[in-house]
Amino acid sequence: MNFFRTVFALCAHFQNYRAIRDVPVTTSLKFIGRLMALLTFVLMLAAIPRARTGINEFARRLDTHRPDFALTDGKIETTAQQPHVWGEPSLRFMLDTTGHVTALDSNAVQGVLFTSNSFVYWMTLTNGPEPVVRSHEASLAGFPNGQINGDYFRALVKTFLWVLIPFSWLVLTLVGLLVCLIQAYVFSFVASQTAPATGR
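Residues numbered from 1 in each chain as written. Predicted model: local features only at pLDDT ≥ 70, side-chain atom pairs only at ≥ 80, totals over all residues. Heavy atoms only, no water.

S.K.: Run through the sheet that holds strand 6 (residues 118–125), naming residues and quoting values.
M.R.: The five strands lie next to each other as 3-4-5-6-7, forming an open sheet whose pairing is mixed. Of all the strands in the sheet, just strand 3 (84–88) and strand 7 (132–139) have a single pairing partner and so form its edges. With strand direction ignored, the average angle separating the axes of adjacent strands in the sheet is 15°. Here four bridges tie strand 4 (residues 91–95) to strand 5 (residues 110–114), and the two strands are oriented parallel to one another. In the strand pairing of strand 5, L95 is matched with F114. Along the sheet face, helix 3 (residues 25–63) touches strand 3, strand 4 and strand 5 and points at about 45° away from the line of strand 4. (Pairing = 2+ DSSP bridges. Helix = DSSP H or I, 4+ residues; strand = E, 2+ residues; numbered from the N terminus. Axes fitted to C-alpha atoms, helices over the stretch in contact; angles between N-to-C directions. Contact = heavy atoms within 4.5 Å.)

Written as structure tokens, this is what we have:
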């Protein structure tokens, strides 16, 4: 409770910073770490509705005009004619287990290519004079068997969230703490450089 009282007091008035200005360094680090953990937790909660919307939208686009294909022991099985392309310019899907596709669609903002035993995610960068495609390939080995569709994607995301959420919370908290420490160091350095000039 003392932690929350301190946070509310600091937010209420600038003069309340005097209460923690001269505390030991370890106490300051503990307070900043707990504050960053709290802020990260609140921000992640606020991002949940938007994340759910994005997941459902991706699943909906995946199912629209999707051919039937399934994953069995890390291999994609399908009877659909290939290569099969569906989706929209903002999100393109491609299915090709034959290896005929040698170039990704640079006209699509982003997309996913399903091969015989892997998937390739790509993004098209249009900042320069010519579009540049950045891609990342990942093996399908270890993924659960099943029909590849929107429900499969939703279930897969839920499985990874149990690991992703705590890991993201920890990483973002540490990054926030590091930024605060760098900021404090810069402010201290600037203050030490300007103090003699002010004294003159």
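S.K.: Report on the nonpolar core, specifying residues and quantitative values.
M.R.: Ranked by size, the top nonpolar core spans 14 residues in total, and within it F69, I76, W86, F93 and F114 carry the most contacts. When residues of this core are traced back to their parent elements, those giving at least two are strand 1 (69–72), strand 4, strand 5 and helix 4 (150–199). Discounting chain neighbours no more than four positions away, the residues touching F69 are I76, E77, T78, W86, L95, F114, Q147 and I148. (Core = buried A, V, L, I, M, F, W, Y, C linked by side-chain atoms within 4.5 Å. Buried < 20%, exposed > 50% of the residue type's maximum accessible area, 1.4 Å probe, protein only.)

S.K.: Explain the environment of A103 to me, using residue names and the numbers behind them.
M.R.: Tracing the chain through its elements places A103 in the loop between strand 4 and strand 5. By relative accessible area, which is 52% here, A103 ends up exposed. C-alpha separation for the pair A103 and L125, spaced 22 residues apart in sequence, amounts to 15 Å.

S.K.: Can you break down the pattern of salt bridges residue by residue, with the values?
M.R.: Tallied over the full model, the rule gives seven salt bridges. One salt bridge in this structure joins E57 and R60, with 2.6 Å as the shortest N-O distance. Separated by three residues within a single helix, E57 and R60 lie in helix 3, roughly one turn from each other. Judged by its relative accessible area of 41%, R60 is partly exposed. (Salt bridge = Lys/Arg side-chain N within 4 Å of Asp/Glu carboxyl O.)

S.K.: Can you explain the pairing of strand 7? Please cite residues and give values.
M.R.: The pairing of strand 6 with strand 7 spans eight bridges and is antiparallel. Its bridge partner being in strand 7, S118 is matched across the sheet by S139. The hairpin turn running from strand 6 into strand 7, its antiparallel successor, is six residues long.

S.K.: For the packing of aromatic side chains, give the residues involved together with the corresponding values.
M.R.: Counted by the stated rule, this structure contains six aromatic pairs. Geometrically, the ring pair formed by W86 and F93 is stacked, given 5.5 Å between the ring centres and 20° between the ring planes. By relative accessible area, W86 is classed as buried at 3%. On the basis of relative accessible area, F93 is assigned to the buried category, the value being 0%. Centre to centre, the rings of F119 and F143 are 6.1 Å apart; their planes meet at 90°, and the pair counts as edge-to-face. Highlighted residues: F119 in strand 6 and F143 in the loop between strand 7 and strand 8 (146–147), separated in sequence by 24 residues. We classify F143 as partly exposed; its relative accessible area is 22%. Among the aromatic side chains, those forming a connected cluster through ring pairs are F58, F69, W86, F93, F114 and F153. (Phe/Tyr/Trp six-rings, centres within 6.5 Å; stacked < 30°, edge-to-face > 60°.)

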